[in-house]
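# Breakdown of the fold
The chain contents come next:
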Amino acid sequence: MEQIKLIVTDMDGTFLNSSHEMSPEFAEVYKELKKRNIVFVPASGRQMPGITHYFVEIESEIGFIAENGGYVIYKDQELFADTLEYKYIVEIIKAVREIPGAKAVLSAKKMAYYETEDQQFVDFFSKYYTENMKTDDLTEKIDDTAFKIAVYHPDGSEKHLYPALKKFEEFGLEVVISGAHWLDVMNKDINKGNALKILQKSLGISPENTMAFGDYMNDIEMLKNAKYSYAMKNAHPNVKQIANFEACTNDSFGVLKTIKDYLHVN
């Protein structure tokens, strides 16, 4: 194995277990990564505060890919921030309202905005979008930089959301299934893979020296941009197909196990 200089990992279903917890061993493993000058980067469809709150003590030392690649930060410096045009936001929200059971979250730099009255859903999505605010109408213009629209369906995103929303690909937008119940609509070419390229270029690190972990379709481009690409044992079959290696499940903290094996630490 070539020397690893950059480790990038998806969060939900990958780095975190099913209870959205980190491995208690991470702090010790991170010390070893730091000692060896290996950059650690969480990459998620979550908004930035929904990721950074897991890494408060080391936030200024590491990189972050948020919003499925729409927002990239390294050592507190913004490397990239995308903007979804208002005209698209209006059309997407209107389309989501036509899907029975679907709920939309407009994810932006300052805040995630929602219009639903369903408090149970609000409590649920607040785990991922920790900074959020209710608005009467998501089609009204906000004083914020919007990255994407995240859409939720209780009965599954692949079956109930993608068929109705894939038409937005014709507008030059990216429509990606980001989880069993979630789908994201963003600008074209916004994905974790291109965000990873921005980081690699900024740091002078090649895909040959990159290790990446993922479990869902929104991780595919990221995994393709790392020689040491790992699909979790619990990953979607499409992800397993393109990854070069497999890690244990997220509930077994497979990311940490794989990193520890590489570092040769117990």
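Fair warning: this is a prediction, and the values are worked out from it, not measured in the lab. (Residues numbered from 1 in each chain as written. Predicted model: local features only at pLDDT ≥ 70, side-chain atom pairs only at ≥ 80, totals over all residues. Heavy atoms only, no water.)

## Comments concerning the overall build of the chain
Stated precisely, the cut-off is as follows: A run of H or I in DSSP becomes a helix once it reaches four residues, and a run of E becomes a strand once it reaches two; helices and strands are each numbered from the N terminus. Note on method: radius of gyration uses C-alpha positions; expected globular size equals 2.2 Å times residues raised to 0.38. Throughout this description, buried means an accessible area under 20% of the type-specific maximum (1.4 Å probe, protein chains only), exposed means over 50%, and partly exposed covers the range between. By the convention used here, residues are in contact when the closest approach between their heavy atoms is within 4.5 Å. Reported accessibility uses the Shrake-Rupley method at a 1.4 Å probe radius. Residues are deemed covered only where the shown protein chains occlude them. Working convention for charge: Lys and Arg count positive, Asp and Glu count negative, and His plus the chain ends are omitted. Note on charges: their place is set at NZ of Lys, CZ of Arg, CG of Asp or CD of Glu.
When its secondary structure is counted, the chain shows 11 helices and 14 strands. Here the C-alpha atoms of the chain give a radius of gyration of 18 Å, agreeing with the 18 Å that 2.2 N^0.38 yields for 266 residues. With respect to the principal axes defined by its C-alpha atoms, the chain has extents near 50 × 35 × 35 Å. Out of the 266 residues belonging to the chain, those deemed buried represent 56%. Of all intrachain contacts in the chain linking residues separated by at least 6 positions in sequence, the fraction that spans at least 24 positions is 58%. Of the roughly 11900 Å² of accessible surface on the chain, 47% is carried by carbon and sulfur atoms. The chain carries 30 positive and 41 negative side-chain charges, and their two centres are separated by 4 Å.

## Re the side chain of Ser44
Here is the rule we go by: For the purposes of these results, a polar contact is taken to be a pair of N or O atoms within 3.5 Å, where, inside protein, one atom must be able to donate a hydrogen and its partner to accept one; residues adjacent in sequence count only when each atom of the pair is a side-chain atom.
Tracing the sequence through the fold places Ser44 in the loop between β2 (39-43) and α3 (48-52). From its side chain, Ser44 meets the backbone nitrogen of Arg46 in a polar contact 2.9 Å long. Those residues within four positions of Ser44 in sequence are excluded, and the remaining contacts are Asp10, Met11, Asp12, Ile51, Ile65, Ala66, Glu67, Asn68 and Lys192.

## Section: helix α4 (residues 86-97)
Which entries qualify depends on this criterion: One less than the number of residues in a helix, times 1.5 Å, gives the span that helix is expected to have.
Relative to the 16 Å expected for 12 residues at 1.5 Å per residue, α4 spans 17 Å between its end C-alpha atoms, a close match to the ideal helical length. Three or more residues of α4 are buried, namely Tyr88, Ile89, Val90, Ile92, Ile93, Ala95 and Val96. The inward-facing, buried residues of α4 contact β6 (103-108), β9 (146-152), α7 (162-165), β10 (173-177) and β11 (182-187).

## Some details on the packing of helix α2 (residues 26-35) against helix α11 (residues 254-263)
To keep it simple, the criterion reads: Comment: axis = line fitted to C-alpha atoms, over the contacting stretch for helices; angle = value between 0 and 180 degrees taken between N-to-C directions. Any angle between 65 and 115 degrees counts as roughly perpendicular, while under 35 counts as roughly parallel, over 145 as roughly antiparallel, and the rest as oblique. Here is the rule for handedness: rotate from the far helix to the near one, and if that takes an anticlockwise turn smaller than a right angle the crossing is left-handed, while a clockwise turn gives right-handed.
Where α2 meets α11, the axes come as close as 11 Å, and the angle between the chain directions of the two elements is 40°. The angle between the axes of α2 and α11 places the two elements in the oblique class. Crossing angle aside, the handedness with which α2 passes α11 is left-handed. Packed against α2, whose contacting residues are Phe26, Val29, Glu32 and Leu33, the element α11 presents Leu256, Ile259, Lys260 and Leu263 at the interface.

## Some thoughts on the nonpolar core
To keep it simple, the criterion reads: In this description, a nonpolar core means a group of buried Ala, Val, Leu, Ile, Met, Phe, Trp, Tyr and Cys residues linked to one another through side-chain atoms lying within 4.5 Å.
Counting 83 residues, the largest nonpolar core has Phe55 and Leu165 as the members making the most contacts within it. By residue number, the principal contributor to this core is α4, which donates 6 residues. Ignoring sequence-local partners within four residues, the contact set of Phe55 consists of Met11, Phe15, Met22, Phe26, Phe40, Pro42, Ile62 and Phe64. Counting 11 residues, the second-largest nonpolar core is a separate cluster that includes Val105, Ala112, Tyr152 and Trp182.

## Observations regarding the sheet that holds β11
Quick reminder of the rule: A pair of strands is labelled paired if DSSP reports no fewer than 2 bridges between them.
Across the sheet, 6 strands lie side by side as β8-β7-β6-β9-β11-β10; this open sheet has mixed pairing. Strands at the two margins of the open sheet, each flanked by one partner only, are β8 (132-134) and β10. Sheet twist, expressed as the average angle between the axes of neighbouring strands with direction ignored, equals 25°. Alignment of β6 against β9, held across 6 bridges, turns out to be antiparallel. Paired with Ala108 across the two strands is Ala146, which belongs to β9. Strand contacts of α4: β6, β9, β10 and β11, with the helix running at about 5° to β9, the strand carrying the most contacts.

## A short note on the pattern of salt bridges
Counted only if it meets this: What makes a salt bridge here is a side-chain nitrogen of Lys or Arg within 4 Å of a carboxyl oxygen of Asp or Glu, nothing more.
Counting across every chain of the model gives 19 salt bridges. For Glu2, the salt bridge identified is with Lys227, shortest N-O distance 2.6 Å. You can see Glu2 sitting in the segment before β1 (6-10) and its partner Lys227 sitting in the loop between α9 (220-224) and β13 (228-232), a full 225 residues away along the chain. In this structure, Glu85 and Lys87 form a salt bridge, with 3.9 Å as the shortest nitrogen-oxygen distance. Classification of Glu85 as partly exposed rests on a relative accessible area of 43%.

## Brief notes about unusual backbone geometry
One non-glycine residue, Lys75, lies in the positive phi region at around 50°. Tracing the backbone shows Lys75 in the loop between β4 (71-74) and β5 (77-81). Backbone geometry places Phe253, a non-glycine residue, at a positive phi of 50°.

## Re the pairing of β9
With 7 of 7 residues buried, β9 is to be regarded as a mostly interior element. Summarising the sheet, β9 and β11 pair through 4 bridges and their orientation is antiparallel. Within β11, the position partnered with Val151 by the bridge is Leu183.

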